[in-house]
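Chains, contacts and geometry: an overview
Here's the letter readout for the chains.
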Protein chains: 4
Amino acid sequence: MEITDTINVVPEELKSYIERIEKLELEKKEMQDHVRDVYAEAADKGFDPKIMKEVIKLRKMENDDREEQEMLLDTYQRALGMKDHCE
Amino acid sequence: MEITDTINVVPEELKSYIERIEKLELEKKEMQDHVRDVYAEAADKGFDPKIMKEVIKLRKMENDDREEQEMLLDTYQRALGMKDHCE
Amino acid sequence: MEITDTINVVPEELKSYIERIEKLELEKKEMQDHVRDVYAEAADKGFDPKIMKEVIKLRKMENDDREEQEMLLDTYQRALGMKDHCE
Amino acid sequence: MEITDTINVVPEELKSYIERIEKLELEKKEMQDHVRDVYAEAADKGFDPKIMKEVIKLRKMENDDREEQEMLLDTYQRALGMKDHCE
């Protein structure tokens, strides 16, 4: 009795989906490695990857949102004494 | 001009929320460290933490769901030739 | 033949480790829920949880590191035209 | 006074690194969306994405490791009474 009769799994069909996903995951991993290499290259030139990541996050935001976030962050830090009021 | 007039941030109020969260996060971290220690203790006795984690995940499932998952996993593996049909 | 003879798994011992971990994970989850509740309480009072989280991250840093990070972030944003030079 | 004189950030250089990373991250996201679509397609055909992911994880393992893991998982479950001994 073939497996397929019990739960109707068509092996070729499952295999094709699995292999398509595995291929895409591999390409995605290569892309991720490539991103890591670019950060490493930038770091060699003296740039700070952690700050670059923060800037990339900020670049995804609308200018107004970004400015409001920065102003709030500044206000909260002053309220908590992390910054002098007159700075 | 106090910060609070501009955006109405009451420093004491903000500080209390921040400190309550920091205290809880610290306790959570200690809890996490304690979990890690128990796994290490079990590993010293020959248990496999990776399998223990898997078992803990399975224990959260209803018996029927667990059995169905195991049966499906088995069926998919056979369909992909990862297991002999008669195993 | 008891399982224990084949791979020397002492059921009571395994059970005790598993249950200790499950208890700790439960407590950790309750702690996490409590953190979430405090953020919700602060949000009700008009505070911004996202900014609070950022401030909590910054509070973990040494003042010098924090200031250098902020200055670098500012410099990178100006270099990329995200901020006017004279701001 | 140009920013670059203070911390030697060459705007064009930083911009090129940032834009290269943003491009790669976009491609990676498209790849991730594509993976999600294949899982959705398989689900429409009656396959279970959660089990497919588990199978893909198992396919990355050596046969021996996979078999040992399955045997250990089975043994631990029996030791904890999650399975009858004779099953």
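Anything mentioned here points back to the structure above.
What you see is a predicted model; the values in this text were computed from it and never measured. (Residues numbered from 1 in each chain as written. Chains lettered and ligands numbered in written order. Predicted model: local features only at pLDDT ≥ 70, side-chain atom pairs only at ≥ 80, totals over all residues. Heavy atoms only, no water.)

**Thoughts on the interface of chain A and chain D**
Contacts between the two partners involve 28 residues from chain A, matched on the other side by 28 residues from chain D. When chain A packs against chain D, the two sides together hide about 3,000 Å² of surface, and 70% of this comes from carbon and sulfur. The interface formed by chain A and chain D holds six salt bridges in total. Here Glu41(A) ties to Arg20(D) by a salt bridge, and the two come within 3.2 Å at their closest N and O atoms. Inspection of the region where chain A meets chain D yields eight residue pairs in polar contact (both at pLDDT 80 or more). Elements represented by at least two residues in the side of chain A that touches chain D include exactly α2 (11–44) and α3 (49–59) of chain A. Considering every element that reaches the side of chain A that touches chain D, the biggest residue donor is α2(A), with 20 residues. (Contact = heavy atoms within 4.5 Å. Buried area = accessible area lost by both parts, 1.4 Å probe. Salt bridge = Lys/Arg side-chain N within 4 Å of Asp/Glu carboxyl O. Polar contact = N/O pair within 3.5 Å; in protein donor to acceptor, adjacent residues only side chain to side chain. Helix = DSSP H or I, 4+ residues; strand = E, 2+ residues; numbered from the N terminus.)

**Points about the pattern of salt bridges**
By the definition in use, this model includes 52 salt bridges over all chains. With a shortest N-O distance of 3.4 Å, Glu19(A) and Lys15(A) are connected by a salt bridge. With Glu19(A) and Lys15(A) both in helix α2 and four residues apart, this pair spans about one turn of that helix. The salt bridge partner of Asp74(B) is Arg78(B), with a shortest N-O separation of 2.6 Å. Of this pair, Asp74(B) and Arg78(B) both sit in helix α4 (residues 63–79), four residues apart, roughly one helical turn. Of the residues examined, Arg78(B) reaches a relative accessible area of 12% and is grouped as buried. One continuous salt-bridge network, built from bridges that share partners, spans Lys29(A), Asp33(A), Arg36(A) and Asp37(A). (Buried < 20%, exposed > 50% of the residue type's maximum accessible area, 1.4 Å probe, protein only.)

**Looking at helix α2 (residues 11–44) of chain C**
All names here are of chain C. Over its 34 residues, α2 runs 49 Å from end to end, which matches the ideal 50 Å to within 8%, given 1.5 Å per residue. Considered for burial, the residues of α2 that qualify are Pro 11, Leu 14, Tyr 17, Ile 18, Ile 21, Leu 24, Met 31, Val 35, Val 38, Tyr 39 and Ala 42. Just downstream of α2, Gly 46 is the residue with a positive phi angle, here 100 degrees. (Expected span 1.5 Å × (residues − 1).)

**Brief notes about the packing of helix α2 (residues 11–44) of chain B against α2(C)**
Interaxial distance between α2(B) and α2(C) falls to 9 Å at its minimum, and their mutual angle equals 165 degrees. With respect to their mutual orientation, α2(B) and α2(C) come out roughly antiparallel. For the pair α2(B) and α2(C), the sense of crossing is left-handed. Of the residues in the contact of α2(B) with α2(C), the class split is 16 nonpolar, four polar and 10 charged. (Axes fitted to C-alpha atoms, helices over the stretch in contact; angles between N-to-C directions. Parallel < 35°, antiparallel > 145°, perpendicular 65-115°, else oblique. Left-handed = near helix turned anticlockwise from the far one by under 90°. Nonpolar A, V, L, I, M, F, W, Y, C, P; charged D, E, K, R; others polar.)

**Section: the interface of chain B and chain A**
Between chain B and chain A, the contact holds 15 residues from the first and 15 residues from the second. Roughly 1,400 Å² of surface becomes buried between chain B and chain A when both sides are summed, with 91% attributable to carbon and sulfur atoms. Scanning the region where chain B abuts chain A turns up zero salt bridges. Linking chain B to chain A there are zero residue pairs in polar contact (both at pLDDT 80 or more). Those elements giving two or more residues to the side of chain B that touches chain A turn out to be α1 (3–7), α2 and α4 of chain B. When residues in the side of chain B that touches chain A are grouped by element, the largest group, six residues, is from α4(B). Its residues assigned to classes, the side of chain B that touches chain A shows 11 nonpolar, two polar and two charged.

**Section: the relation of the copies chain A and chain D**
Turning chain A through 180 degrees and shifting it by 0.0 Å along the axis lays it on chain D, with an RMSD of 0.0 Å. Such a combination of turn and shift is consistent with a two-fold rotation axis. Residues of chain A ranked by C-alpha distance from the rotation axis are headed by Lys28(A), positioned 2.8 Å from it. Most of the interface of chain A is mirrored in chain D, where 100% of its interface residues are also at the interface. (Least-squares fit on C-alpha atoms with pLDDT ≥ 70 in both.)

**Looking at the relation of the copies chain B and chain A**
The pair of chain copies shares a relation made of a rotation about an axis and a shift along it. Superposing chain B onto chain A takes a rotation of 180 degrees combined with a translation of 0.0 Å along the rotation axis, leaving an RMSD of 0.0 Å. An overlap of 100% is found between the interface residues of chain B and their copies at the interface of chain A, pointing to a shared contact surface.

**Remarks on the packing of aromatic side chains**
Evaluation of the coordinates by the stated rule reveals eight aromatic pairs over all chains. On the numbers, 5.8 Å between centres and 70 degrees between planes, the contact of Phe47(B) with Tyr17(C) is edge-to-face. Of this pair, Phe47(B) sits in the loop between α2 and α3 (49–59) while Tyr17(C) sits in helix α2, each in a different chain. Side by side, Phe47(B) and Tyr17(C) carry an identical accessibility label, which is buried. (Phe/Tyr/Trp six-rings, centres within 6.5 Å; stacked < 30°, edge-to-face > 60°.)

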